[in-house]
Every structure is written in structure tokens, then in C-alpha cells.
Amino acid sequence: MRKLLAMSLVLIFVVFAGCAARTPGQGSLPIVPLAEDNPPKHERYYLNSPPLLEEPEQPPASSGEVQMVRSPLQEGEKIVALTFDDGPHQHTSRILDVLEEHGGAATFFVLGYRVENHRSTMERAVRLGNEIAGHSWNHQDFSLLTEDEIAWQIKSASEAIAPFVGSSPRIYRPPYGRTNELVRQVSQRMGYAIINWTLDPRDWENRDADHIYDHIMSTIQNGDIIVMHDIYATTAQAMERVIPRLIEEGYRLVTVSELIAYLYGEIEPGVVYGRDYDVPMV
Ligand code: ZN
């Protein structure tokens, strides 16, 4: 019965993805080429930020298993993928509270080295239907790494996540969103798609909940992938207003993998979804 249900859902996605591909417009594709005058500025904070203080957590009773419930979009229903980088962190729980209260899912791109100290947060995120994927082991700029180092960063983060999600993720987000030809080749060989973003409220820079809310609500479009960071109290605070407002405006809050499934069908390894912050190889 579960098998039959899963097959039906796959079929629904295939049909929907076909429709979406033929009808550009409001549900237009979220891949946006990087403009010359739009250099990668994401997460510049990371260079100078002091270490964040936090409490270690108790280990979970058992590892979680993702139970995704997906259904076809209703007429006029829009989708958005909220994504949070650099956690897990103590503020992640506050974001999970809001998602649980209002009924939405998000994707958390976590740093592998942080997972062990936040096992119960990881378990809860998965139990609530959120997606967890890697953001490297320790936030290195992939465009500066060798082939082996890139592969190690991707693999180590995935291995830290796998016990919580039941399998290795098929997607990841490189630190700063930076890629180059080598990063894309390694990703393709290892079977990973690269997920960047289409909307950046620059929460790391402004650290202001009102600014984050205003930026998102004034620029959002159907099919957007929003990049934020669950390591800031101001981002968690903003989500307390952003999430219910998006739902009020007819958005369904889906994971990135769900968003890609709705818009494209299959996730393709080596492909960059969202803006490509390509750094030429030297
Ligand atoms: Zn990051």
C-alpha cells in the first residue's frame, strides 16, 4: 500500500513537472545566471564572527526517519523553499517551533562538525518533515580546494547527517554558494546536485528582523529558494512573522528537494539550482 502510494506520488510529480515546464510565468524556473555586477557576498560575516556560545544537547532516543507527505498543488497555490545555513544551532529550535505551529517545512544545510552537539535538534527537524543536507564539514571555500578536499567535505557532512535522515542526501550547498568547474565535476561524480538560492535577504549582514521580513515580503516570487542562517536570533525572530504571512499569501512551505520535484522532476547531479556563484579556476 505504501509502495502504491509512493508510486502515485512520483507519477503526480512527473505530470506536474511536465505542466510547469510548459507554462512559464508565475511558476517560472528559479535558475538565475549570476550577473557580472553581483559578486558573491553571502556570509562574509563568517570571517570575523566570534565563536557562538551554546549548550550541548542530550543524545536522541532514536534516529528519525523522514515521512514526507506531498500532494498536488491546488489551483493558485504557490511554493517557496526556506533554507537555513550554518547550523544546527540553539536558534534552530525556535524556527522549528514556528514551522510546527503553522505547518510548513524547510531545508537546513548543516555543517558536519556541528551535528554531534545538536542531535536532538536534528532528530526533531527530521521528525517534523524538514529536510537536512550538507553545507560542508567546516565551511571551507570550495573554489579554493583540491578535488580530494572537495570530495572529503561533501562526504564527511553527508556521513554526519545520514544516521538522522536514513540515507545520504542527494543535494548540498557549498559555503558562500561558490562553485567552479571542478566543484561541479566532483559533485556530479558523487551524485550530488548543488543548491544555491534565488532570494537573499542578507540576514547575516543586517541582523534585523524587520529588514528580513520587509525584504522577503516585498521581493518574493513563486518558486523562490530563500537563503538564511539559523545561527542568528534575528533570523528566528523574523520567521515568527514571515512564515505565517507567507502561508496567508497562499504559499506552501516546501523543502528544496520538494520544490525541485514540483518544478523540474528529477534532481540532476552536478547541476546548480539557483544562482551560480562561479569562481574561475586559476
Ligand atoms: Zn554558510
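Scroll up to find the structure this text is about.
Not measured: the values here are computed from a predicted model. Counting restarts for each chain: residues are numbered from 1 in the order of the written sequence. Where totals are concerned, whole chains, interfaces and linings use all residues; where local detail is concerned, this predicted model gives features only for residues with pLDDT of at least 70, and gives and counts side-chain atom pairs only at 80 or more.

> Would you take a moment to explain the nonpolar core for this structure?
Considering soluble globular proteins, one finds that nonpolar side chains tend to be buried as a cluster. Ranked by internal contacts, the top residues of the largest apolar core, which has 61 residues, are Ile-132, Ile-161 and Ile-226. Secondary structure elements are defined from DSSP: runs of H or I of at least 4 residues count as helices, runs of E of at least 2 residues count as strands, and each element is numbered from the N terminus. In terms of residue count, helix 4 (residues 147-165) provides more of this core than any other element does, 7 residues in total. In this structure Ile-226 touches Val-80, Ala-81, Leu-82, Thr-83, Trp-197, Leu-199, Pro-201 and Ile-216, once residues within four positions along its chain are discounted. Here a nonpolar core is just a set of buried residues of the types Ala, Val, Leu, Ile, Met, Phe, Trp, Tyr and Cys, joined wherever their C-beta atoms sit within 7 Å. With C-beta atoms placed from the backbone, the exposure class of a residue follows from how many other C-beta atoms lie within 10 Å of its own: 20 or more, buried; 12 or fewer, exposed; in between, partly exposed. By the convention adopted here, residues make contact when the C-beta atoms placed from their backbones lie within 7 Å.

> So what exactly am I meant to see when it comes to the pairing of strand 2 (residues 107-110) here?
For a regular strand, side chains alternate in direction, first toward one face of the sheet and then toward the other. Of the two faces of strand 2, the one holding Thr-107 and Phe-109 and the one holding Phe-108 and Val-110 are both buried throughout. Strand pairing requires that DSSP identify at least two bridges connecting the strands. Strand direction decides the pairing type here: strand 1 (residues 78-85) and strand 2, joined by 3 bridges, are parallel. Among the inter-strand pairings, Thr-83 is bridged to a residue of strand 2, identified as Thr-107. Note on handedness: a crossover is taken as right-handed if, strands pointing away from the viewer, the path from the first strand over the helix to the second is clockwise. Note on the crossover from strand 1 through helix 2 (residues 92-102) to strand 2: the handedness is right-handed. Pairing analysis gives 4 bridges linking strand 2 to strand 3 (residues 131-134), with the strands arranged parallel. When the bridges of strand 3 are listed, Phe-108 appears paired with Ile-132. Following the backbone out of strand 2, through helix 3 (residues 119-127) and into the adjacent parallel strand 3, one traces a crossover that is right-handed.

> Any chance you could explain unusual backbone geometry here in plain terms?
Backbone torsion omega between Gly-87 and Pro-88 reads -5°, so that peptide bond is classified as cis. In this fold, Pro-88 is placed in the loop between strand 1 and helix 2. A positive phi is found at Arg-202, a non-glycine position, where the angle reads about 55°. The phi angle at Arg-207 is positive, at roughly 50°, despite the residue not being glycine.

> How should the pairing of strand 7 (residues 225-229) be read in this particular structure?
Burial analysis of strand 7 places 5 of its 5 residues in the buried class, which makes it a mostly covered element. Because side chains alternate across strand 7, one face comprises the buried residues Ile-225, Val-227 and His-229, and the other comprises Ile-226 and Met-228, equally buried. In the sheet, strand 1 pairs with strand 7 via 5 bridges, with the strands oriented parallel. From the neighbouring strand, Asp-85 faces strand 7, where its bridge partner is His-229.

> I tried to follow helix 7 (residues 209-219) on my own but got confused; where do I start?
Every α-helix winds through 3.6 residues per turn, so residues three or four apart in the chain are directed the same way. Along helix 7, the positions that sit buried rather than exposed are Ala-209, Ile-212, His-215 and Ile-216. The arc that holds every buried residue of helix 7, seen down its axis, measures 135°, which confines them to one face. Along helix 7, the residues that are exposed and aim more than 90 degrees away from the buried face are Asp-210 and Ser-218. Close packing links the buried residues of helix 7 with helix 6 (203-206), strand 7 and helix 8 (233-248). By construction, the arc corresponds to the directions joining the helix axis to the C-beta atoms.

> Quick question: what am I supposed to make of the environment of Phe-109 here?
Tracing the chain through its elements places Phe-109 in strand 2. Note: C-alpha distance between Phe-109 and Ile-132 (23 residues apart in sequence) is 6.0 Å. Apart from the residues within four sequence positions on either side, Phe-109 is in contact with Thr-83, Phe-84, Asp-85, Ala-133, Gly-134, His-135 and Arg-173.

> Got a minute to help me understand the environment of Ala-238 in this structure?
Along the chain, the position of Ala-238 falls in helix 8. Spatially, the C-alpha atom of Ala-238 lies 6.3 Å from that of Ile-212, the residues being 26 residues apart in sequence. In contact with Ala-238, not counting residues within four places along its chain, are Ala-209, Ile-212 and Tyr-213.

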